[in-house]
Amino acid sequence: MTTISTARQYFDQVVAYNVQQYKAQPTSLPAAFNLASSLFSMHEWMWHTYGNALGANLGSARDFNSHVQTACPAFKHMRDLANASKHVFLSSPSTQAAHITDTSAVESRYGKGAYGRGKYGRGVVVIDDGGTKVDFENTADEVYKYWEDLLNDMGS
C-alpha cells in the first residue's frame, strides 16, 4: 500500500507529476488547473507537516496562506486559479483574475509568442490580471521554486 502523508511526498509525487503533465501540454487548461491546484494545496501540506515550525507568528493554515501570498506574490495567481477552477467566480480574489474565463490557452504559430510572452514556437496559458497578461508557466515555476526552497530549508 502506498500513501502520501508529508509535504515532501506530496511535492515529489503530486506537484512534480502535475508539472510534467503541464509542460508536456502547455496549452492544456485542465493540466494548468491541476498544476495550480496542487501548487496552491502545498500550503496546507506544509502546515500539516511542519505547523508552527514554519514561523512563530503563524497560528493556522490560513495565517500561513496569507504569509505565502506575501513571501511569494506569484502564489496569489495559483490561489485564484485553483479556486476559480472549482467555483468559476471568486468573491474575494487575491488578484484581479476573479473569473475562470480570465485564464485562457493561447495557441501560437511557430516563432510567434502569445501577447509578447509566449514561448518560442508554442502556445501558452495566460492569466488576465486586470489587463496585465501573466504567463501561467513562469508563475507556476516561481511557486514551484518557492516550495522546493522551503522544503529544503525545512530539511526535507
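Residues numbered from 1 in each chain as written. Predicted model: local features only at pLDDT ≥ 70, side-chain atom pairs only at ≥ 80, totals over all residues. Heavy atoms only, no water.

Remarks on the confidence of the model for the protein
So, point 1. In this model, the protein carries a mean pLDDT of 91, and residues with pLDDT of at least 70 account for 92%.
So, point 2. Counting contacts from residues 111-118, a segment whose pLDDT is below 50, to residues more than four positions away or on other chains yields 14 contacts. (pLDDT = per-residue confidence, 0-100. Contact = heavy atoms within 4.5 Å.)

A word on the nonpolar core
So, point 1. One finds Met-42, Met-46, Phe-64, Phe-136 and Trp-147 to be the most contacted residues of the largest nonpolar core, which totals 41 residues.
So, point 2. Broken down by secondary-structure element, the contributors of at least two residues to this core are α1 (7-24), α2 (29-50), α3 (61-71), α4 (75-87), β2 (124-129) and α5 (136-153).
So, point 3. When residues in this core are grouped by element, the largest group, eleven residues, is from α2. (Core = buried A, V, L, I, M, F, W, Y, C linked by side-chain atoms within 4.5 Å. Buried < 20%, exposed > 50% of the residue type's maximum accessible area, 1.4 Å probe, protein only. Helix = DSSP H or I, 4+ residues; strand = E, 2+ residues; numbered from the N terminus.)

Structural notes on the pattern of salt bridges
So, point 1. Scanning the model with the defined rule gives six salt bridges in all.
So, point 2. Linking Arg-79 and Asp-80 is a salt bridge whose minimum nitrogen-to-oxygen distance equals 2.9 Å.
So, point 3. Its salt-bridge partner being Lys-145, residue Asp-149 comes within 2.8 Å of it at the nearest N-O pair. Of this pair, Asp-149 and Lys-145 are both found in helix α5, four residues apart, which corresponds to roughly one turn of the helix.
So, point 4. Owing to a relative accessible area of 43%, Lys-145 belongs among the partly exposed residues under this scheme.
So, point 5. Bridged by salt links that share partners, the residues Lys-23, Glu-137 and Asp-141 form one connected network. (Salt bridge = Lys/Arg side-chain N within 4 Å of Asp/Glu carboxyl O.)

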